[in-house]
Every structure is written in C-alpha cells, then in structure tokens.
Amino acid sequence: MPDYAIQTPPVVGLPIAGSDALFPVRRVYCIGRNYAAHAIEMGHDPDREPPFFFQKNPNNLDPSGTFPYPPHSSDVHHEVEVAVMLKSGGTDIAIGDAESHIFGYALSLDMTRRDLQGAQKKMGRPWEIGKAFERSAPVGPIHPVTETGLLNAGAISLTVNGEIRQEGDMNQMIWKVPEMISYLSEYFELAAGDVILSGTPAGVGPVEKGDTMEISAEGLGSFTVAVV
Ligand code: MN
C-alpha cells in the first residue's frame, strides 16, 4: 500500500439495478450534437461532420435523484441522454468489436449552464464552466447489457412537471454507440469504468427550482430528478 500525503479522494461508485455491487467510474465523455433535430435547434447543420466530445468529471455523476440548481447561471437546461458504461477498453477498437466492451446503460442528464456555455462558445473557449459543474450529470441505476441486450433503438424522452419536453429515438443518433467507442479509442485509451453520454434529442430547455424531471428510455425504465 502506498503512503499518500493527503486523504485519498473516494472512488465514484454508481448503483447497478438488481445488484449490491457498484460501478466504479474512471472517465466521463460526452458527445455534442448527436441527434439531427437537436443540432438544428442549436443552429447547426446536422450533416455528418466528425463527432466532437467534451468531458465531465467522474464525481459530476450523481445517482441521488436531486439536482441542486447551480450558481452563476439563470438558464440551466436539461439534456436527457443514454449513458453507456464500459467494462473494458483499449485503443483503436474496431466498430465491430466496440459493443463487446459495454457493461451496461443508464438514463442520465447532461445538465448545462447554457448562458455560460454560450458565452464560452462565442469566445472560442472550452465548455467546462457550462458543462462540468457539481452534480451536473444525474444518473439512474445502471442496467447491465446482459439484461437489456444492446440498445441501438427505442424511445427516449423527458418530461418536466409531467409535460413532455424532449422526445426522440435512439435510432436517430448521428454517430451510433459502436462508432463513438471506436472513434474515442483512436484518440484516447478507453478502459473499464469509462462512461459515454450519447447525446440528446431535440427539445432542450430551462428548468427552475421546484421542477421535477422524469427521464425515460425503452429498456431502461424511468428515473425522476428533483430540481432543488
Ligand atoms: Mn449533451
């Protein structure tokens, strides 16, 4: 056992449906503009330009079901996404081999301080201040792929206070999950514990304190998150 000079940070462990074991998180990658209708609503051409990614921090993932409204923003948006959890990784993974690295899937939210992200975009600066803030990625229980099978199609949706806001189908992803894994593995070494947020369908919009978000996807049930 090495002797650490300060208290060691805790491993982030996410709940797994039907298990007492936790999924330990290593890295979090998020893809941008991966559903055509969302790319259009954000003012971009949905043509298949190369994918792009940003990162959140492992401890931004929060399974508690509450989302504290963050400081320094008055325009915090919901983005419902399917999170893909990896059980193994590597570099230069072929598209055909990519799905063998999947441990499971979970419902998640890529909560975004849109006003801060917009200001960073205008200045050509990184997005972290808009994306990678505390508890910015609420996440539901992980469903192992051994239970769900591979998820490449199926409805995905979000309601706020019971009103439908986002609706799409996983088959509308511009870059499919195996393509994302393969692409990322050309630029980074992927490994067990990595999480990929696979993009959001159209209909993103603001939430307020007191709102209740319910996110759902076929095969993953639903998960409720209270804005506090
Ligand atoms: Mn997103």
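A brief look at the structure comes next. Along each chain, numbering runs from 1 in the same order as the chain's sequence is written. Local features are withheld for residues below a pLDDT of 70 in this predicted model, meaning they are given only at 70 or higher, and side-chain atom pairs are given and counted only at 80 or more; totals for whole chains, interfaces and linings count all residues. The side-chain quantities take in all heavy atoms of the structure and omit both hydrogens and water.

## Quick look at the pairing of strand β3 (residues 28–31)
At step 1: Alternating positions in β3 separate into two faces, Val28 and Cys30 on one and Tyr29 and Ile31 on the other, with burial throughout.
At step 2: Think of it this way: DSSP has to see at least two bridges between two strands before they count as a pair. Per the convention used, a helix needs a DSSP run of H or I reaching at least four residues, while a strand needs a run of E reaching at least two, with both numbered from the N terminus. As paired strands, β3 and strand β4 (residues 53–56) are joined by 4 bridges and run antiparallel to one another. Looking across to β4, one finds that tyrosine 29 is bridged to glutamine 55.
At step 3: Summarising the sheet, β3 and strand β15 (residues 195–197) pair through 3 bridges and their orientation is parallel. What sits directly across from valine 28, in β15, is valine 195. Three exposure classes are used, based on accessible area relative to the maximum for each residue type with a 1.4 Å probe and protein chains only: buried under 20%, partly exposed in between, and exposed over 50%.

## Focus: the pattern of salt bridges
Any two side chains of opposite charge can pair, on the condition that their charged atoms come close.
At step 1: By definition here, a salt bridge exists when the distance from a side-chain nitrogen of Lys or Arg to a carboxyl oxygen of Asp or Glu is within 4 Å. Under the counting rule described, the total for this entry stands at 6 salt bridges.
At step 2: One salt bridge connects glutamate 79 with arginine 114, and the closest N-O pair in it is separated by 2.8 Å. Placement of the pair is glutamate 79 in the loop between β7 (76–78) and β8 (80–86) and arginine 114 in helix α3 (residues 114–122), with a sequence separation of 35 residues.
At step 3: Between glutamate 79 and lysine 131 there is a salt bridge, with its nearest N and O atoms 3.4 Å apart. Residue glutamate 79 is found in the loop between β7 and β8, and its partner lysine 131 is found in helix α4 (residues 128–131); the two are separated by 52 residues along the sequence.
At step 4: Taking the relative accessible area as the measure of exposure, glutamate 79 reaches 4% and is therefore buried.
At step 5: By relative accessible area, lysine 131 is classed as buried at 2%.
At step 6: Beyond isolated ion pairs, a larger network of salt bridges with shared partners links Lys56, Glu79, Asp110, Arg114 and Lys131.

## Observations regarding the sheet that holds β4
At step 1: Spatially, 6 strands are ordered β4-β3-β15-β8-β9-β12 in an open sheet, and the strand pairing comes out mixed. Looking at the sheet topology across the chains shown, the edges are occupied by β4 and β12 (143–144).

## What about the nonpolar core?
At step 1: The definition of a nonpolar core used throughout is a set of buried Ala, Val, Leu, Ile, Met, Phe, Trp, Tyr and Cys residues joined through side-chain atoms within 4.5 Å. Among the nonpolar cores identified, the biggest contains 41 residues, and Ile102, Tyr105, Leu109, Met111, Ile181 and Met213 are the most heavily contacted of them.
At step 2: Within the residue set of this core, elements represented by two or more residues are β3, β8, β9 (102–109), β13 (155–160), α6 (177–187), β17 (212–217) and β18 (221–227).
At step 3: Every residue pair with non-hydrogen atoms within 4.5 Å of one another is taken to be in contact. Discounting residues that sit within four places of it in the chain, leucine 109 has contacts with His78, Glu79, Val80, Ser136, Ala137, Pro138, Leu158, Leu197, Met213, Ile215 and Val225.
At step 4: Val12, Cys30, Leu61 and Ala137 belong to the second-largest nonpolar core, a separate cluster that totals 18 residues.

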